[in-house]
Amino acid sequence: MLTKKGKYGLKALVHLSGLPVGQLALVNDIAVANNIPKKFLDAILGELRNAGFVQSRKGKEGGYRLARPASEIKIGHVVRVLDGPLAPIPCASRTQYQRCDDCDEATCQVRNMMLEVRHAIAEVLDNRSLAAMRDADNDDFPVELTSQI
């Protein structure tokens with residue numbers, strides 16, 4: 001499940017991607033526009049800066065902006081930076097795999113299902129850019145999924 005940290009980080013990046021190239025946004029403006037606690041957003045933006053997604057400038061003319069084009073930022077990478085592995089259980093993770101001590105991985109039906117879930121999540125998030133997320137028309141949401149919520 002996406003944490004609030006992940007959700008807020010994505011909202012902040014979408015906000016920044018909507019600005020003219022190179023324009024800086026104040027943390028407070030991003031926080032207010034997206035209903036994100038400012039102190040929490042400060043920490044999230046620090047992580048996004050350390051990961052190379054955003055740049056910051058201090059001072060009177062300071063703020064945050066994207067470090068590279070939104071079309072080059074993949075949502076899966078952002079989620080992994082902020083929330084960790086996409087896999088629902090450690091034995092299904094590619095990046096932080098941990099062997100289970102309570103089952104035989106070769107025959108474990110739970111692990112096999114979670115590998116499939118992890119693959120499906122990665123397929124969507126790793127092939128969607130920040131620009132695509134920003135520009136998505138809510139009318140594009142697959143009809144078959146709306147009946148399931």
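Higher on the page you've got the structure.
Next up on the list: the packing of aromatic side chains. One pass over the structure, following the stated rule, counts one aromatic pair. With a centroid separation of 5.7 Å and an interplanar angle of 80°, the aromatic rings of tyrosine 8 and phenylalanine 40 are classed as edge-to-face. You can see tyrosine 8 sitting in helix α1 (residues 4-17) and its partner phenylalanine 40 sitting in helix α3 (residues 38-50), a full 32 residues away along the chain. For phenylalanine 40, a relative accessible area of 32% gives the class partly exposed.

Okay, the state of the cysteines next. Counted by the stated rule, this structure contains zero disulfides. Here cysteine 91 stays unpaired: no disulfide links it, and the sulfur of cysteine 100, its closest cysteine neighbor, is 3.4 Å away. Of all cysteine sulfurs, the one in cysteine 103 lies closest to cysteine 108, which takes part in no disulfide; the gap is 3.8 Å.

Moving on, we get to the pairing of strand β1 (residues 54-57). Examined bridge by bridge, β1 and strand β2 (residues 63-66) share four bridges and lie antiparallel to one another. Looking across to β2, one finds that valine 54 is bridged to leucine 66. Linkage of β1 to β2, two consecutive antiparallel strands, is achieved through a turn of five residues, within which glycine 59 is found at a positive phi near 105°.

Turning to the nonpolar core, a few remarks are in order. Ranked by size, the top nonpolar core spans 28 residues in total, and within it Leu13, Leu41, Leu45, Leu48, Val54, Leu66 and Val78 carry the most contacts. Listing elements by their share of this core, those giving two or more residues are α1, α2 (27-34), α3, β2, α4 (75-83) and α6 (130-135). The element best represented in this core is α1, accounting for five residues. Once residues within four sequence positions are removed from consideration, leucine 41 is found in contact with Ala12, Val27, Ile30, Ala31 and Ile36.

Now for the side chain of arginine 118. Structurally, the position occupied by arginine 118 is in helix α5 (residues 109-125). Ignoring sequence-local partners within four residues, the contact set of arginine 118 consists of Arg80, Leu86, Ala87, Pro88, Ala92 and Arg94.

Before going further, it helps to examine the pattern of salt bridges. Evaluated as defined, the whole model comprises six salt bridges. Across the pair arginine 134 and aspartate 135 runs a salt bridge, and its minimum N-O distance is 2.7 Å. One network of salt bridges, in which partners are shared, links Arg99, Glu105 and Arg111.

Taking 1.5 Å per residue, 13 residues should reach 18 Å; α3 reaches 18 Å between its end C-alpha atoms and fits that length. Of the positions making up α3, those classed as buried are Leu41, Ile44, Leu45, Gly46 and Leu48. Residues of α3 that are buried in the fold lie against α1, α2, β1, β2 and α4. Immediately downstream of α3, the backbone of glycine 52 shows phi near 90°, a positive value.

Rules and cut-offs
- Residues numbered from 1 in each chain as written.
- Predicted model: local features only at pLDDT ≥ 70, side-chain atom pairs only at ≥ 80, totals over all residues.
- Heavy atoms only, no water.
- Phe/Tyr/Trp six-rings, centres within 6.5 Å; stacked < 30°, edge-to-face > 60°.
- Helix = DSSP H or I, 4+ residues; strand = E, 2+ residues; numbered from the N terminus.
- Buried < 20%, exposed > 50% of the residue type's maximum accessible area, 1.4 Å probe, protein only.
- Disulfide = S-S within 2.5 Å.
- Pairing = 2+ DSSP bridges.
- Core = buried A, V, L, I, M, F, W, Y, C linked by side-chain atoms within 4.5 Å.
- Contact = heavy atoms within 4.5 Å.
- Salt bridge = Lys/Arg side-chain N within 4 Å of Asp/Glu carboxyl O.
- Expected span 1.5 Å × (residues − 1).

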